[in-house]
Amino acid sequence: WLATVMFAAGMGVRYLLRTIGRTPFRGDGGEERTRFALGSAGILVATLAYMLSPYLLDYSARISVILLPWAALPWLIALAAQSLRHGGWRYPAWFAFVVLLVGGINATALIMIGIGPLLWVAHAVWVDREATGRQALAAMARMGVLTLTTSLWWIGGLWAEGRYGLPVIRYTESYRTVAASSNAPEVLRGLGYWFFYGDDKLGPWIEPSVTYTTRGWVLALSYFLPIAAFASAALLRWRYRAYFIALIVFGTLTAVAAHPWDSPSGLGGVFKEFTRTDAGLALRSTPRAVPLIILGTAVFLGAGIDALGRRIPRLAWPAAAVACALILANMPPMWNGTMVAANLERPEQIPSYWNENAAYLDARGEGTRVLEIPGADFASYRWGNTVDPVLPGLMNRPYVARELFTWGSPPSANLINALDSRLHQETMDREALVPIAQLMGVGDINVRSDLQYERYRIARPRALWDLIRRTPGLGEPARFGPSDPPNLAGPEQPMLDEVEQGTPPTLEEPPRVAAFPVKDPLPIVRTVSADQPLLAAGDGEGLVDAASLNLINPRQAIFYSASLVGNQTAFDDVYGNGADLMVTDSNRKRSRRWGALRENTGYTERAGETPLAFDPTDQRLDVFPGAGDDFYTVTQQRGQPGSTVGAVATATGYGNPITYTPDDRPANALDGDPLTAWRVGAISNVQDEKLFIDLDKPVTTDHVNLLQPINLERTRWITKARLIFGEGETTSSIDVDLTDASRNEDASGQNVTFPSRTFTKLTIQVLETNLGNSTQFDGVSGVGFAEVRIPGVENEELVRVPTDLLDRAGPSSIDHRLSLVFTRQRSNPAEPVRTDEEVAMRRVFSLPTARAFSVGGTARLSAYLHDDVIDRFLGLPDAAAGGVTARADVHLPGNLEQRASAAIDGDPTTFWTSIYQNQTGHWLDYTTA
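Okay, so let's go over this structure. (Residues numbered from 1 in each chain as written. Predicted model: local features only at pLDDT ≥ 70, side-chain atom pairs only at ≥ 80, totals over all residues. Heavy atoms only, no water.)

### Remarks on the pattern of salt bridges
Across all of its chains, the model carries 51 salt bridges by this definition. In this structure, aspartate 585 and arginine 843 form a salt bridge, with 2.9 Å as the shortest nitrogen-oxygen distance. Taken together, the residues span a long stretch of sequence, with aspartate 585 in the loop between strand 14 (580–584) and strand 15 (634–639) and arginine 843 in strand 26 (residues 843–844) at a distance of 258 residues. Residue arginine 843 is classed as buried on the basis of its relative accessible area of 14%. When salt bridges that share partners are traced, they join Arg457, Arg598, Glu599, Asp663, Glu831 and Arg834 into one network. (Salt bridge = Lys/Arg side-chain N within 4 Å of Asp/Glu carboxyl O. Helix = DSSP H or I, 4+ residues; strand = E, 2+ residues; numbered from the N terminus. Buried < 20%, exposed > 50% of the residue type's maximum accessible area, 1.4 Å probe, protein only.)

Rendered as structure tokens:
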């Protein structure tokens, strides 16, 4: 396949050069002959330089079909030239046929190479003057009509997907990601595509990237070839020189575009702003203009060899041989076995158990869907990486699963994300699984336990299997593939962490794949009664939470109140049929990223809050277009009861640039809890990050107290900060050095004193850290403040649930059953790098009429409690009651069983375990009666 594409690209260059350089003349005998602008040696060099460009490596590993526009570029330029020269419909038809062959793959790549034929038309009319404007318009009209007609099949599909499907361009790579690596030196050597430089826990995504970024001789050679081409362009006097220079210039300007992101050129700045629209964002993959550059440099290399051969004929073929050898040497993957990455190599035949699994599922009929869990960023199996999951290609039944980008409608994507994310973060209530599966028309739940779970940190096989095996409403599974040997993480990322240490060793090893039948499944296509529907304020997160409380009936019509925004008639119809009402604290107003299956939602924002700066990675799933803040769960920051002054905290950023960590939000700096904190800049630069505190009343003071984060491992902290009082023309500031006192574990903090002043706004700016002006931030912690203590200011953060449903229902809601469903946002305590987003549930809601409630819910012993407190809750007598008080300074995070009393309970199978690493200095303490 790759050889075919490369061969087509090379023959395209040959056809182009023989087409544009064709000059007819009569031989000595009067016969018709043709002279070409470039001789055979030059054409050979140009052909090899184009077809063996490193550009191949950007896409050959996983998405090689995007190389087709690259292969088509020289053909399209040549056919455009033929259309201008000969008129008629023949060559425009061939032009349209080539577009037909390579179209329907990636519109951006096709648009980018379309610059080449357009530049040829301009060159032919205004520079070479081999065609008139009328001839050019006629040829372009013929090519345009035929190309449009033969491309309608994929244009129609693209339009329908864009009109009715999820906006894929928003939820894949951002333009900031693309612009980060598309610099001029890289694109001129045929590279610059962001994916080429990426890696994950198992190594580089494209293995040859290591060669092209670390091997000195490869770096030198890959730059020497385009430099030689530029020298040739500068020295040659050639009829088509201006055209190929234009190709290089336009290709470079397009590919580089807004690099560098933070300070682009004037033209790049315009394009950067353009990418804030959907149309502009659709063109964000600017490095797909690199084929224009490659074609220009390849032709100039060939032209240089040809010119040398014309001046010194005996050197023509030796020089061509040297050039070809250098071109071949510039593609080490061609001859060192890395053209196809090792992490993509796998047996041609997939494991037989997958075929058996698919046959079993097919035999159970197409009336219901197959839900496959767990979701995965990409399908990376222990036996091989297929990028896409294999099951949909092996069976005919409808299929649903979560991937990095979820297909479907916004509400369906929202629901499957809500269900699957709980599996990875180990916050899933098993009672919710079957009702949601029935709601989605699922007849079988397929559990795949042969994934490389460590690659994307997804749900672990044994824990997930144990959860599903104990889920009510599922039948006995059909098992496929062995359970032995167990699916263990590879040596690159062994996953020997707190989660693994806390997993009971007695848990069953799952089979490679298993299909669990859903008892009493519902068909995909079905009707439900319009009487007594469920009208819910919330989204899919709220439905999953409600399902765990047995509040979701899959046979009941379910409506989101936010989906009825602006349609009072529809609301009255649903409400008037005796609707049950449910208000949840889901549908939160918050940021969202799509780079992982977990930690991808931000903190819950305030009503009316807007980001302080544009973040291209913040792309929210618009489940309810047109819905205002009344339809969302939002937060309120206010003074605590009895306090004199309240405040609102915001910041230039929080967490890290890859995932969202709402437990690092700015409000934590004012909540009075030293174990929560505002943190910013993990694995990135923190210079000039700011925390803003807006007070609701003026405060007069001569000091503030600053406490930096104390409860998580820190490799970086603030050593100098600027305090800015007020804003606008009335500001004043002081620079302060932060000492060890600001990081004391007793949480006393550092008092910063200054001449007394009155202010309503305090801004704290990060000036310096202990690491200085570092350029590498891998593995470096964020910085921030656990507490900013301003005299008289005591703050709390409340969560206000959606108000729209009960406001519209009014006092008549007393005639409808009403459920309020609230869930504390929490993290897995076995992952000590994170803290809980909410340490308590504080909800604000108003009822339109008084009514009585029953209250129920789920409570768990906190894994953060001290060992002796846990024993007391469990009723074990302490020393004062004639027993033993067992204490330890730490126990294995998230594991209540492995506490101090387990080491003296007389059972040798139970034990106390310290934290996973840094064991020295931890202690046990026992006090007897």
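What follows picks up the thread again.
### Comments concerning helix 4 (residues 67–86)
Structurally, the α-helix is built with 3.6 residues per turn, so residues lying three or four positions apart point the same way. Over its 20 residues, helix 4 extends 29 Å from the first C-alpha to the last, a length consistent with the 28 Å expected when each residue adds 1.5 Å. At leucine 73, helix 4 shows its largest kink, close to 35 degrees, and the proline proline 74 lies no more than four residues downstream. Among the 20 residues that make up helix 4, 17 are buried, leaving the element largely enclosed by the rest of the structure. Backbone geometry just downstream of helix 4 places glycine 87 in the positive-phi region, at approximately 65 degrees. (Expected span 1.5 Å × (residues − 1). Bend = angle between axes of the 7 residues up to and from the residue.)

### A few points about the layout of surface pockets
Over the atoms, a rolling probe the size of a water molecule traces out where space has been left empty. Approximately 760 Å³ is the volume found for the second largest pocket. Taken together, 27 residues form the lining of the second largest pocket, with Pro411, Ser412, Leu415, Leu439 and Met440 sitting closest to its centre. Where the lining of the second largest pocket is concerned, the elements lending two or more residues are strand 8 (399–400), helix 22 (410–425) and strand 13 (558–560). Top element by residues in the lining of the second largest pocket is helix 22. It accounts for five residues. Of the residues assigned to the lining of the second largest pocket, the class counts are 19 nonpolar, five polar and three charged. (1 Å grid on protein atoms, 1.4 Å probe; cavity = no way out; pocket = protein on both sides within 12 Å on 5 of 7 lines; lining within 4 Å. Points joined across faces, edges and corners; volume = space filled by probe spheres on them. Nonpolar A, V, L, I, M, F, W, Y, C, P; charged D, E, K, R; others polar.)

### With respect to empty space enclosed by the protein
Inspection of every chain in the model, using the stated rule, returns eight cavities of 30 Å³ or more. A volume near 180 Å³ is recorded for the largest cavity. Taken together, 17 residues line the largest cavity, and the ones lying closest to its centre are Ala49, Pro54, Leu225, Thr297 and Asn330. Sorting the residues of the lining of the largest cavity by element identifies helix 11 (184–188), helix 13 (216–235) and helix 17 (290–311) as the ones contributing at least two each. Examining the composition of the lining of the largest cavity, we find that four residues originate from one element, helix 17, more than from any other.

### Things to note about the side chain of aspartate 663
Residue placement: aspartate 663 occurs in the loop between strand 16 (647–651) and strand 17 (678–680). Exposure remark for aspartate 663: the relative accessible area of 2% places this residue in the buried category. Only 2.7 Å separates the side chain of aspartate 663 from the side chain of arginine 834, close enough to count as a polar contact. When sequence neighbours within four positions are dropped, the list of residues in contact with aspartate 663 reads Asn668, Ala677, Arg679, Arg834, Thr835, Asp836 and Glu837. (Polar contact = N/O pair within 3.5 Å; in protein donor to acceptor, adjacent residues only side chain to side chain. Contact = heavy atoms within 4.5 Å.)

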